[in-house]
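What the coordinates show
Take a look at the letters that make up each chain.
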Amino acid sequence: MAEQEPAGFMARLKQIGLAFSFTAKRDKWFLPLVILAGLIPIGVAVNYALLFDGSWLFLLGAVFVSLLLMLIVLNSRTSKLVMDQSVGQVGAAYAVVDTMRGWFITPGVAVSTQQDMIHRAIGKPGVVLLAEGGSPRLRNLISQEKKKLSRVVGSTPIYDFTVGEEEGQLSLRKLRKTLTKLPRNINAKQANDLNRRLNALRSSAPMPKGPVPQNMKPPRVPARRCAAADLRIKRR
């Protein structure tokens, strides 16, 4: 265990470095904000030590506060930048919910020929359908999916949102906040069981109804081949 901790720490530092470089190249306000976050606590600590003859150990605590504030700025600015770049991208709603704790999300449970897509998210509020697309048939696709789910989920609430930046759609930037504000209708165990049950139903392939298609029927063996095979058996 002692050998794995340094590797994890170095990997974390590498991730921070990559995030810092990524954000600094694309966000002009990032570096000024990071500098301010680092200097303000140290400046307060130095002034306190000089004016009130305080202990310089107070400066050590200010350094840790500065590092914490810099990480907070890094996280917030990086998240905002990634969100801005994700707007309008296919699968962006899935990517946002996939990072939220307490949610199970399955991408592409329904897809139309017009590239409309529905993701299914399950959490304590219940089942949430997240639709992406703009074709007129999207509402019909949502209605069909809700009808299928209602046969399985029982009294569990089913919500639906169309994620996009057009009028009447839920903005991707507000998706996380909107899901967080939904009422809690089931517990975590019920959400987990419901997610497994729905995934199992989706993975099972039902047998097709009606006559068997021609390409599924076994090929016919010519009569000559059957006669030749019978003759070889009799000789044996």
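Residues numbered from 1 in each chain as written. Predicted model: local features only at pLDDT ≥ 70, side-chain atom pairs only at ≥ 80, totals over all residues. Heavy atoms only, no water.

**Regarding the overall build of the protein chain**
Of the regular secondary structure elements, the protein chain holds eight helices and four strands. Overall, the protein chain shows an N-to-C arrangement of helices and strands of α-α-α-α-β-β-β-α-β-α-α-α. The buried share among the 236 residues of the protein chain stands at 30%. Taking contacts inside the protein chain between residues at least 6 apart in sequence as the whole, the part at least 24 apart equals 57%. In the structure as shown, the protein chain presents an accessible area of about 16,900 Å², 61% of it carried by carbon and sulfur atoms. (Helix = DSSP H or I, 4+ residues; strand = E, 2+ residues; numbered from the N terminus. Buried < 20%, exposed > 50% of the residue type's maximum accessible area, 1.4 Å probe, protein only. Contact = heavy atoms within 4.5 Å. Areas by Shrake-Rupley, 256 points an atom, 1.4 Å probe, with all protein chains shown as cover.)

**Points about the sheet that holds strand β4 (residues 158-163)**
Taken in spatial order, the four strands of this open sheet run β1-β2-β3-β4, and their pairing is mixed. The open sheet terminates on both sides in strands that have one partner only, identified here as β1 (104-111) and β4. The sheet shows a mean angle of 25 degrees between the axes of neighbouring strands, direction not considered. Summarising the sheet, strand β3 (residues 126-132) and β4 pair through six bridges and their orientation is parallel. Of the residues in β4, the one forming a bridge with Glu-132 is Val-163. Along the sheet, helix α5 (residues 138-153) contacts β1, β2 (117-123), β3 and β4; its crossing angle with β4, the most-contacted strand, is approximately 155 degrees. (Pairing = 2+ DSSP bridges. Axes fitted to C-alpha atoms, helices over the stretch in contact; angles between N-to-C directions.)

**Overview of the side chain of Arg-120**
Checked against the element boundaries, Arg-120 lands in strand β2. Despite its burial, Arg-120 pairs with no opposite charge, the nearest such side chain being Glu-145 at 4.9 Å. A polar contact of 2.8 Å, which involves the side chain of Arg-120, links it to the side chain of Asn-199. Among all residues touching Arg-120, those that are not within four sequence positions of it are Phe-104, Ile-105, Thr-106, Val-109, Val-127, Val-128, Leu-129, Leu-149, Leu-198 and Asn-199. (Lys, Arg positive; Asp, Glu negative; His and termini not counted. Salt bridge = Lys/Arg side-chain N within 4 Å of Asp/Glu carboxyl O. Polar contact = N/O pair within 3.5 Å; in protein donor to acceptor, adjacent residues only side chain to side chain.)

**What about α5?**
Look at α5: 22 Å from first C-alpha to last across 16 residues, which is about the 22 Å you get at 1.5 Å a residue. Along α5, the positions that sit buried rather than exposed are Leu-138, Leu-141, Ile-142, Glu-145, Leu-149 and Val-153. One side of α5 holds all its buried residues, which, seen down the axis, span an arc of 95 degrees. Seen from the open side of α5, the exposed residues pointing more than 90 degrees away from its buried face are Lys-147, Lys-148 and Arg-151. Gly-154 sits one or two residues past α5 and shows a positive phi near 65 degrees. (Expected span 1.5 Å × (residues − 1). Arc of directions from axis to C-beta.)

**Let's talk about unusual backbone geometry**
In this model, Gln-115 sits at a positive phi of 70 degrees, which is unusual for a non-glycine residue. Examined against the element boundaries, Gln-115 turns out to sit in the loop between β1 and β2.

**Some remarks on the environment of Thr-106**
On the secondary structure map, Thr-106 appears in strand β1. A residue is classified by how much of its surface remains accessible, and Thr-106, at 10% relative accessible area, is buried. Residues Thr-106 and Ala-121, spaced 15 residues apart in sequence, show a C-alpha to C-alpha distance of 6.4 Å. Those residues in contact with Thr-106 that sit more than four places away from it in its chain are His-119, Arg-120, Asn-195, Asn-199 and Arg-202. There is a polar contact of 3.2 Å between the side chain of Thr-106 and the side chain of Asn-199.

**A look at the pairing of β2**
Counting buried residues along β2, seven of its seven residues qualify, which places the element largely inside the surrounding structure. Of the two faces of β2, both are covered, the one formed by Met-117, His-119, Ala-121 and Gly-123 as well as the one formed by Ile-118, Arg-120 and Ile-122. Bridge count for β1 against β2 is five bridges, and the pairing is antiparallel. Counted as the bridge partner of Ile-105 is Ala-121 from β2. Here β1 folds back onto β2, and the loop between the two strands holds five residues, one of which, Gln-115, carries a positive phi near 70 degrees. One ladder, built from seven bridges, connects β2 with β3; its direction is antiparallel.

**Some details on the confidence of the model for the protein chain**
Summary statistics for the protein chain give a mean pLDDT of 79 and a share of 81% for residues scoring 70 or more. Residue range residues 204-236 is modelled with pLDDT below 50. Its contacts to residues more than four positions away, or to other chains, number two contacts. (pLDDT = per-residue confidence, 0-100.)

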